[in-house]
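# Inside the fold
Read off the chains here:
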Amino acid sequence: MAENSIQIPDFITVRDLAQTMEVSPINVIKQLMSNGIMANINQEIDYDTASIIAEEMGFIIESAVEVAKVEEAAAVVEKAGELAWRKVLSAEDDKDLVPRPPVVTMLGHVDHGKTSLLDVIRRTNVQEGEAGGITQHIGAYQAVQDGQLITFLDTPGHAAFTAMRARGAQATDIAILLVAADDGLMPQTKEAIDHAQAANVPLIVALNKIDLPNANPPMAMQQLSEYGLIPDEWDGDTMVIPVSAKEKIGIEDLLEGILLVSEDLNPRANPKASPTGTVLEAQLARGQGPMVTVLVQNGTLRQGDTMIIGQHHGRIKAMYDFKGKKVKGAAPSTPVSVSGLNGIPKAGDQFHTVKNPKIARKEIADIAYNARTQPAQTGSSASLEAFFANLQNSGSKTLNLIIKADVQGSVEPITQSLEGLSYDEITVEIIHASTGNITENDVMLAAASDAIIMGFNVGADAIARNAAASERVEIKEYSIIYKLIEDVDKALKGLLDPVFEEVVIGRAEVRAVFRIRGVGQIAGSYMRTGVAKRNSSARLIRDNKLLHTGKLSSLKHLQDNVREVKTGFEFGVNIVNWDDYKEGDILEFFVIKEVPVS
Ligand code: GDP
């Protein structure tokens, strides 16, 4: 609901109307007079009159009676939506489920040809619209092979793939792993394999650049085998298809391969269900407002539907397919761009639809209210200390870890030792292990997989640390291998206690002592360095001797209680259970923090 929107019942007194708008009743009476209506403060006016007055005074009006009706309807719709979902999910009642095109993402090391291959498929296998040339880049397109549709997400790379997954989106059915046949398996190829496997998405390997004279497919296949992907040619389970994006070799084979894997997966959805799906891209388009590309995953999205995406909503004004052609509806697995939303959502956000914008506003207001009253537990909440305690609640008996170490010579012994640890049914799963600093990709993978990152002799850059903080991913850093192994071992046995230490945050000097009745002594002090915080503790030091340690019972600047005092400020402070301050005393403020294990 907009900030200045108000609800008005069928009849309302002038006083109540003024109160609702938070204005003086005099102003309301004046406004009524200017409309030729003489009314006193206790007089009732009807909905139509009240809404004219309120509108003139800058408010958006909703009928309270209507809102109540809408709320009731919303509850019914919600129930129906829930039922529709259950219907989709329950295997017994799947008569409405129909096959949908598979959704495919390209993963692989930089420069191995993801963009080139996506372009070639787009140019050769997309049936062009009547308008001719394909100009739209909306984050996805659909290709046709043997009369069957395949949806390609065209933001390549596992970073985007995993970031979406960390937001709860499971948009991809099949991943194509691009491996340049001259280059073989590179660090990002391995990372991509781990990301796809952590998401439980089947992989098809496209061995690209086979046109190059130094292409060496057997070498690449050998490396794939060593990484656990045995090519089908060698009696393994991994489909490996030689291609050249440059020379357009093997493109049909690849698409056939996708259809073959898709046949096994049998992706289905219910076109009659209430539409849901995922945001692929969103931007502000000139003259159109926010344009949002979504992948419809269930139901059929139609022009005129009211969508909710996070805190944004809107009625779909226009809908375009990836060729830029206006369409009226989009079935499951179809990407479409829609206009009409009141804001720009993020890639990976989920959408659903409701009956009308009023219900949407109410739902969003409810979500915002809940978010304020119960802070959301987003992202991963896995922690080594909490693993054992959470066993009961989470039901998961696997401790997911990501290992980053400085050299390969450390990665191997660490992963081997960790994989050897298991108790009863409790096991360790290493979803990714590699050399190098901890990156944002590692953090997103951890967030998407409820994993903990264990660093050995490596650091994390600021971007990774920020992502870890916002996604609530735990990063543990070690410089001794046995300590790392021991901690995981203890975590599995439920023996790990967090270790705490004091961190000094500031020092102050007492410059005057006051006595306040009912409170006792207050140390009038000057903050020399750092800060003092209301929730910190302090040590009282006199002549280099520690006299007392305790939490603060008050922290004041002038007359006001404050949460923090910075360097250079004068303030009053009192420590619990101490009533003997002297000029020249030193106060050392500290907080208790969990120690990073070393
Ligand atoms: P991306 O980083 O994975 O998206 O890789 P690109 O598609 O941008 O390709 C990187 C480079 O490899 C470009 O210079 C392409 O022209 C080249 N390239 C891509 N596919 C092939 C191929 O099949 N053969 C050859 N010879 N070069 C290719």
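For clarity, every value in this text was computed on a predicted model and none was experimentally measured. (Residues numbered from 1 in each chain as written. Predicted model: local features only at pLDDT ≥ 70, side-chain atom pairs only at ≥ 80, totals over all residues. Heavy atoms only, no water.)

## Focus on empty space enclosed by the protein
Where empty space is left in the structure can be found by rolling a water-sized probe over the atoms. Operational definition: A pocket here means an open set of points on a 1 Å grid, computed over the protein atoms alone, that has protein on both sides within 12 Å along at least five of seven lines. A cavity is instead a set of points where a 1.4 Å probe fits but cannot get out; residues with an atom within 4 Å of a point line either one. Grid points are joined across faces, edges and corners, and a volume is the space filled by probe spheres set on the points. By the convention adopted, Pro, Cys, Tyr, Trp, Phe, Met, Ile, Leu, Val and Ala count as nonpolar, Lys, Arg, Asp and Glu as charged, and the other residues, Gly among them, as polar.
Evaluated as defined, the whole model comprises two cavities of 30 Å³ or more. Reported here for the largest cavity is a volume of approximately 50 Å³. Forming the boundary of the largest cavity are Phe 161, Met 164, Arg 165, Ala 169, Gln 170, Ala 171, Thr 172, Ala 199 and Val 201. Of the residues that constitute the lining of the largest cavity, the class distribution is six nonpolar, two polar and one charged.

## Considering the environment of Gly 289
Counted only if it meets this: Helix and strand assignments follow DSSP, with helices taken as H or I runs no shorter than four residues and strands as E runs no shorter than two, numbered in order from the N terminus. Categorising residues by exposure relies on relative accessible area from a 1.4 Å probe, with only protein chains included: less than 20% of the type maximum marks a residue as buried, more than 50% marks it as exposed, and the intermediate range marks it as partly exposed. By definition in these notes, contact holds between two residues if any of their heavy atoms fall within 4.5 Å.
Residue position: Gly 289 is located in strand β14 (residues 289–298). Taking relative accessible area as the criterion, Gly 289 reaches 23% and is therefore assigned partly exposed. Sequence separation of Gly 289 and Leu 341 is 52 residues, and the distance between their C-alpha atoms is 7.8 Å. Setting aside chain neighbours within four positions, we find Gly 289 in contact with Gln 283 and Leu 284.

## Structural notes on the sheet that holds strand β24 (residues 426–435)
Stated precisely, the cut-off is as follows: The pairing criterion is simple: DSSP has to find at least two bridges between the two strands. Interaxial angle, 0 to 180 degrees, is taken between N-to-C directions of lines fitted to C-alpha atoms, where a helix line uses only the stretch in contact.
Pairing within the open sheet is mixed, and its five strands lie in the order β23-β24-β22-β25-β26. The strands lining the two open edges of the sheet, one partner per strand, are β23 (422–423) and β26 (475–478). Here strand β22 (residues 398–405) pairs with strand β25 (residues 452–456) via five bridges, running parallel. Its bridge partner being in β25, Ile 403 is matched across the sheet by Met 454. Sheet strands touched by helix α12 (residues 408–419): β22, β24 and β25. Its angle to β24, the strand with the most contacts, is close to 170°. Its contacts with the sheet put helix α15 (residues 481–493) on β22, β23, β24, β25 and β26, and the angle it makes with β25 is roughly 160°.

## Comments concerning the site of the ligand
Note the cut-off: Here a residue is considered near a molecule or strand provided that any single heavy atom belonging to it is located within 4 Å of it. Polar contact is defined as a pair of N or O atoms within 3.5 Å, subject to the rule that within protein one atom must be able to donate a hydrogen and the other to accept it, and that residues adjacent in sequence are counted only when both atoms are side-chain atoms. Only the protein chains shown count as cover for residues, and all accessible areas are computed by the Shrake-Rupley method using a 1.4 Å probe.
For the ligand, the set of nearby residues contains 15 residues, the closest of which are Asp 111, Lys 114, Thr 115, Ser 116 and Asp 211. Contact distances for the ligand include 3.1 Å between an oxygen atom and a side-chain N or O atom of Asn 208. The protein chains hide 72% of the 580 Å² of surface that the ligand would expose on its own. Grouping the amino acids of the shell around the ligand by side-chain chemistry returns three nonpolar, seven polar and five charged.

## A few points about the packing of helix α2 (residues 25–34) against helix α3 (residues 47–56)
Definition in use: The labels follow the angle: roughly parallel below 35 degrees, roughly antiparallel above 145, roughly perpendicular from 65 to 115, and oblique for the rest.
Axis separation between α2 and α3 bottoms out at 10 Å; the angle between their running directions is 105°. Classified by the interaxial angle, the pair formed by α2 and α3 is roughly perpendicular. Counting all contacts with α2, which are made through Val 28, Gln 31 and Leu 32, the residues of α3 involved are Thr 49, Ile 53 and Glu 56. In terms of residue class, the contact of α2 with α3 is built from three nonpolar, two polar and one charged.

## Side note on helix α8 (residues 217–226)
Inclusion rule: Each C-beta atom gives one direction from the helix axis, and the arc is the one those directions make.
Of the positions making up α8, those classed as buried are Ala 220, Met 221, Leu 224 and Ser 225. Seen along its axis, α8 keeps its buried residues to an arc of 140°; they face one direction. Residues of α8 that are buried make contact with β9 (174–180), β10 (203–208) and β11 (239–242). Positive backbone phi, approximately 95°, marks Gly 228, located one or two places after α8.

## What about the pairing of strand β8 (residues 148–153)?
Here three bridges tie strand β6 (residues 103–108) to β8, and the two strands are oriented parallel to one another. Its bridge partner lying in β8, Val 103 is registered against Thr 151. As paired elements, strand β7 (residues 140–145) and β8 share six bridges and run antiparallel to each other. Looking across to β8, one finds that Ala 140 is bridged to Leu 153. Linking β7 to β8, which pair antiparallel, is a turn of two residues; within it Asp 146 sits at a positive phi near 50°.

## Some points on the pattern of salt bridges
To be explicit about the condition: In what follows, salt bridge is the name for a side-chain nitrogen of Lys or Arg lying within 4 Å of a carboxyl oxygen of Asp or Glu.
The tally for this structure, following the rule as stated, stands at 19 salt bridges. The partner of Arg 539 in a salt bridge is Glu 588, with the nearest N and O atoms 2.9 Å apart. Of this pair, Arg 539 sits in strand β30 (residues 537–542) while Glu 588 sits in strand β35 (residues 586–594), and the two are 49 residues apart along the sequence. Arg 539 sits in the buried class, given a relative accessible area of 14%. One network of salt bridges, with partners in common, ties together Lys 483, Glu 486, Asp 487 and Lys 490.

## As for the packing of aromatic side chains
Basically, it comes down to this: Only centres within 6.5 Å qualify two rings of Phe, Tyr or Trp (six-membered ring in Trp) as a pair; their planes then separate them into stacked at under 30 degrees, edge-to-face at over 60, and tilted for everything else. We count a charge as sitting over a ring when the NZ of a lysine or the CZ of an arginine lies within 6 Å of the ring centre and within 35 degrees of the ring normal.
A complete count under the given rule lists three aromatic pairs for this structure. On the basis of an interplanar angle of 55° and a centroid distance of 6.2 Å, the ring pair of Phe 571 and Phe 589 is categorised as tilted. Taken as a pair, Phe 571 in strand β34 (residues 570–575) and Phe 589 in strand β35 lie far apart in primary sequence, 18 residues in all. Pair check on accessibility: Phe 571 and Phe 589 agree, each one buried. Here a set of aromatic residues connected by ring pairs shows up, and it is made of Tyr 141, Phe 152 and Phe 322. The ring of Tyr 526 carries Arg 511 above its face, with NZ or CZ at 4.1 Å from the centroid. One Lys or Arg, Arg 539, reaches over the ring of Phe 590 and ends 4.2 Å from the middle of that ring.

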